[in-house]
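# Breakdown of the fold
Residues per chain are reported as follows:
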2 protein chains.
Amino acid sequence: MPLLSALGGATWRLSGHLARHFSQTARRGERPGGEELSRLRLDDLAPTALSAGRLELLFGLSPCLLALRAARRRVARLLLQAGKSGVQGERAELLRAAEVRGIPVLRPRRQKLDALCRHQVHQGVCMEVSPLRPRPWTEAGEAKPGDDPQQLWLILEGLQDPRNLGAVLRSAYFLGVDKVITSRRNSCLLTPVVSKASAGAMEVMDVFFTDHLAGLLQAKTQQGWLVAGTVGCPRPEIPGSSEIPITSCLEFLWDQPTLLVLGNEGSGLSPEVQASCQLLLSILPGRQLPPGLESLNVSVAAGILLHSICSQRKGFPEEKKRGQHL
Amino acid sequence: MPLLSALGGATWRLSGHLARHFSQTARRGERPGGEELSRLRLDDLAPTALSAGRLELLFGLSPCLLALRAARRRVARLLLQAGKSGVQGERAELLRAAEVRGIPVLRPRRQKLDALCRHQVHQGVCMEVSPLRPRPWTEAGEAKPGDDPQQLWLILEGLQDPRNLGAVLRSAYFLGVDKVITSRRNSCLLTPVVSKASAGAMEVMDVFFTDHLAGLLQAKTQQGWLVAGTVGCPRPEIPGSSEIPITSCLEFLWDQPTLLVLGNEGSGLSPEVQASCQLLLSILPGRQLPPGLESLNVSVAAGILLHSICSQRKGFPEEKKRGQHL
């Protein structure tokens, strides 16, 4: 069932089988989008958008709302759960945005949405949308070091878990990272699961990709950027890695444009990428750790490192402080 | 299929149906644990431990290894994937520990383990174990404020996502939190999914529970502890909450024994618990945020807050610093 294998990590796309199904349906003169909503079938998803190619099912209130606001995706249909808490607040905004853009709205029952989303938390809202793809990093634009000494780009090498990637994007957006670049090789795609885990931050962030990460790092080094890798534990087994200084994130001073490079959940940075770093940032543990527990979850580590850096931004925090320590 | 519904978040226990199955098998004189390993069936899990009651399936290298080291669980059988990379390193330690404790070792094929673990990442290792349950917090022991001004207990109110809970436990262990106490009401159990997400930290940490969180906070306040809640955004709609000072975690000074109280993923702290806090810690954003993006993932927020506090520990970091900032 192509739809049901859609949301686990890879992007769902209309398969040849489904395309043939819709084609046959059309030849029979049926209108698969026109039946009663209570009879909505999984196979009938998005026939109107079929001719335009690939679609996927975005789910969750915040991803759908931010996708509509950002207007980066083509939206075929909005699916709002029937009978769910009226049309207040965000739901009303969803309906308004759909009306303005002429997006058809369906009202399937909860069970239908549960099945479509493989029982992930959809909060009563789904949208059939075109996939969101990262752009090549050469479109990221150049920030000249002289312009702003506190540029921060986050580079992700081979992050594979969509929930980790989503949480990292959410943190990067919240804490003020300027751009995110992923290695195309071995990295998780920008799927609906990532968008949900990012609370929709994926819909509004600038995410780029590169096919040659080490080359990017070397080019930015030439331009005067600091390339800071990350390390859970020192890894003397990687040739050359022992020559790269390791700095606690507590001691890091952010005084030049910086690329922060995070590695894969299991294996960390590749030797080639690590060798392109000028220093390695670490988070020091608060106790003696047994083997197997010497590292943090990658999205937690990203949050701590980004917070350590971003809190040095001039003018940070931007929000008014209320109250103070007792 | 009780086994297959086991690992999604709730603890798997042998159902009446399975109990009858094993009972009938025994009456027929069959030895369900004695067949060829290539014929191991899902229904045949842990017959030897049936008489002792409830079991669950722990999975992943680190959870199993740390569970064996900690020796808190009863272990019925160790399941090591057949043909997987010999018996080096951690796998050799698993086998040694099983031999010392007289734990039977099975060698199922990968497909069997995949099915048992619902295709979660088991790394070729599973164990049938008794559940790990938190103890009542009254067994946590008293740390008198005069003894150590830098005690830190982490209090979790209603964390429901097992992966969030696991990542929080992993961070708490890594960063040096002394004890963790969960509210029994509405909180995720200490399931195998939590253990895996914690990289096994759940197996070695002290985790306690309470049925009356507000009462606990008030009692500790009376004993001279600081009770610090957490807040994503100020919530003036909660009566009395506007009177509680909000402090950026960057400005927090850790100079007395402290309880850090984290709330539920969706709704944060309950009004009753928030009203029992002496101050609220916040993580300030690095940019203007649209509605829906004003908060971080709870495990990321926990990591940042714990790191802000624990890095103030005297003698922190314990590890030798290598290198320094370029």
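Owing to the predicted nature of the structure, the values given are computational and were not obtained by experimental measurement.

### Some points on the overall build of chain A
Assigned secondary structure in chain A consists of 11 helices and 12 strands. Each of the 326 residues in chain A was classed as buried or not, and the buried ones make up 56%. Carbon together with sulfur atoms contributes 49% to the accessible area of chain A, which is approximately 14,000 Å² in total.

### Details of the relation of the copies chain A and chain B
Least-squares fitting of chain A to chain B yields an RMSD of 0.0 Å, with the transformation described by 0.0 Å of translation along the axis and a rotation of 180°. Taken together, the rotation and translation describe the operation of a two-fold axis. By residue overlap, the copies meet face to face through one surface: 100% of the interface positions of chain A are interface positions in chain B.

### As for the interface of chain A and chain B
Across the contact, 64 residues belong to chain A and 65 residues belong to chain B. Summed over both partners, the interface of chain A with chain B comes to about 5,800 Å²; 60% of that surface belongs to carbon and sulfur atoms. Counting every contact that joins chain A to chain B gives 2 salt bridges. Where R163 of chain B meets D161 of chain A, a salt bridge forms, and the shortest distance between an N and an O atom there is 3.0 Å. Counting every contact that joins chain A to chain B gives 12 residue pairs in polar contact (both at pLDDT 80 or more). Breaking the side of chain A that touches chain B down by element, the ones donating at least two residues are α3 (61-70), α6 (162-175), α8 (201-204), β10 (246-248) and α11 (298-310) of chain A. Top contributing element to the side of chain A that touches chain B by residue count: α6 of chain A, with 8 residues. Its residues assigned to classes, the side of chain A that touches chain B shows 32 nonpolar, 20 polar and 12 charged.

### Topic: the packing of aromatic side chains
For the structure shown, the criterion picks out 2 aromatic pairs over all chains. Ring centres 4.9 Å apart and planes at 55° place the aromatic pair W153 of chain B and W225 of chain B in the tilted group. Taken together, the positions of W153 of chain B in strand β6 (residues 152-156) and W225 of chain B in the loop between α8 (213-222) and β9 (226-230) put the pair 72 residues apart, joining distant regions of the chain. With respect to class, W153 of chain B is no different from W225 of chain B; both count as buried. Of note, R287 of chain A hangs over the ring of Y173 of chain B, and the distance from its end group to the ring centre comes to 4.4 Å.

### Comments concerning α3 of chain A
Residues and elements named next belong to chain A. The buried count for α3 comes to 8 of 10 residues, which makes it a mostly enclosed element. All of the buried residues along α3 are L61, S62, P63, C64, L65, L66, A67 and L68. Here the buried face of α3 lies against β1 (56-59), β2 (75-80), α4 (89-100), β4 (125-129), α7 (192-197) and α8. A71 occupies a position one or two residues after α3 and carries a positive phi of about 55°.

### With respect to the sheet that holds strand β1 (residues 56-59) of chain B
Residues and elements named next belong to chain B. Spatially, the 4 strands line up as an open sheet ordered β1-β4-β2-β3, and their pairing is mixed. Here the strands that pair on one side only, and so sit at the sheet edges, are β1 and β3 (105-106). Relative to β3, strand β2 (residues 75-80) runs parallel, the two sharing 2 bridges. Looking at β3, one finds that L79 is bridged to L106. Contacts from helix α2 (residues 61-70) reach β1, β2 and β4 (125-129) within the one sheet, and its direction differs from that of β4 by about 45°. In the packing of helix α3 (residues 89-100) onto the sheet, contacts are made with β2, β3 and β4, and the angle to β2 comes to roughly 150°.

### Here we look at the pairing of β1 of chain A
Residue and element names in this part refer to chain A. A two-sided burial pattern is seen for β1, the buried positions comprising E56 and L58 on one face and L57 and F59 on the other. Bridge analysis of β1 against β4 gives 4 bridges, and the strand direction is antiparallel. Across the sheet, residue L57 finds its bridge partner in β4, namely E128.

### Some words on helix α5 (residues 162-175) of chain B
Residues and elements named next belong to chain B. In this model α5 runs 20 Å from its N-terminal to its C-terminal C-alpha over 14 residues, within 8% of the 20 Å that 1.5 Å per residue would give. Sitting at the amino-terminal end of α5 is D161, which places a side-chain oxygen 2.7 Å from the backbone nitrogen of R163. Count one or two residues on from α5 and you reach G176, which has phi positive near 100°.

### So, the pairing of strand β8 (residues 207-210) of chain B
Residue and element names in this part refer to chain B. Burial along β8 is two-sided: the residues V207 and F209 and F208 and T210 are all buried. When strand β5 (residues 135-136) meets β8, the two strands line up parallel, connected through 2 bridges. Bridged to P136 within β8 is F209. The sheet contact formed by strand β7 (residues 179-183) and β8 spans 4 bridges and is parallel. The residue bridging T182 from the neighbouring strand is F209, located in β8.

### Topic: the side chain of S183 of chain B
Residues and elements named next belong to chain B. With respect to the secondary-structure elements, S183 resides in strand β7. Residue class for S183 comes out buried when judged on its relative accessible area of 7%. When residues no more than four places from it in sequence are discounted, the contact partners of S183 are L156, E157, G158, T210 and L213.

### Topic: the environment of L61 of chain B
Residues and elements named next belong to chain B. Following the sequence through the fold, L61 ends up in helix α2. For L61, a relative accessible area of 15% corresponds to the buried category. Along the primary structure L61 and V121 are separated by 60 residues, whereas in three dimensions their C-alpha atoms are 9.7 Å apart. The contact partners of L61, leaving out residues within four places of it in the chain, are E90, R91, L94, H122, Q123 and V125.

### Describing the pattern of salt bridges
All names here are of chain A. Applying the stated criterion across every chain yields a total of 22 salt bridges over all chains. Of the charged contacts, one joins E128 and R77 as a salt bridge, the two residues approaching to 3.2 Å between their closest N and O atoms. With E128 in strand β4 and R77 in strand β2, this pair connects stretches of sequence that are 51 residues apart. Residues E128 and R77 agree in their burial class; the two are buried.

### A word on the sheet that holds strand β7 (residues 179-183) of chain A
Residues and elements named next belong to chain A. Reading across from one edge, β5-β8-β7-β6-β11-β9-β12-β10 is the order of the 8 strands in this open sheet, with parallel pairing throughout. Looking at strand neighbours, the two that pair on one side only are β5 (135-136) and β10, the edges of this open sheet. Two strands pair when backbone bridges link them, and strand β6 (residues 152-156) and β7 are joined in this way by 4 bridges, in the parallel orientation. Along β7, the bridge assignment pairs W153 with K179. Contacting β6, β7 and β8 (207-210), α6 crosses the sheet at an angle of about 175° to β6. Those strands touched by α11 are β6, β9 (226-230), β11 (258-262) and β12 (279-282), and its axis lies near 170° from that of β11.

### Side note on the packing of α5 of chain B against helix α10 (residues 298-310) of chain B
Residues and elements named next belong to chain B. The contact between α5 and α10 brings their axes to 9 Å, and the two run at 15°. Comparing the axis directions of α5 and α10 gives the class roughly parallel. Classified by chirality, the crossing of α10 by α5 is right-handed. Where α5 approaches α10, its residues N164, A167, V168, S171, A172 and L175 are matched on the opposing element by V298, S299, A302, G303, L306, H307 and C310. Partitioned by chemical class, the residues of the contact of α5 with α10 number 8 nonpolar, 5 polar and no charged.

Rules of the game
- Residues numbered from 1 in each chain as written.
- Chains lettered and ligands numbered in written order.
- Predicted model: local features only at pLDDT ≥ 70, side-chain atom pairs only at ≥ 80, totals over all residues.
- Heavy atoms only, no water.
- Helix = DSSP H or I, 4+ residues; strand = E, 2+ residues; numbered from the N terminus.
- Buried < 20%, exposed > 50% of the residue type's maximum accessible area, 1.4 Å probe, protein only.
- Areas by Shrake-Rupley, 256 points an atom, 1.4 Å probe, with all protein chains shown as cover.
- Least-squares fit on C-alpha atoms with pLDDT ≥ 70 in both.
- Contact = heavy atoms within 4.5 Å.
- Buried area = accessible area lost by both parts, 1.4 Å probe.
- Salt bridge = Lys/Arg side-chain N within 4 Å of Asp/Glu carboxyl O.
- Polar contact = N/O pair within 3.5 Å; in protein donor to acceptor, adjacent residues only side chain to side chain.
- Nonpolar A, V, L, I, M, F, W, Y, C, P; charged D, E, K, R; others polar.
- Phe/Tyr/Trp six-rings, centres within 6.5 Å; stacked < 30°, edge-to-face > 60°.
- Lys NZ or Arg CZ within 6 Å of the ring centre and 35° of its normal.
- Pairing = 2+ DSSP bridges.
- Axes fitted to C-alpha atoms, helices over the stretch in contact; angles between N-to-C directions.
- Expected span 1.5 Å × (residues − 1).
- Parallel < 35°, antiparallel > 145°, perpendicular 65-115°, else oblique.
- Left-handed = near helix turned anticlockwise from the far one by under 90°.

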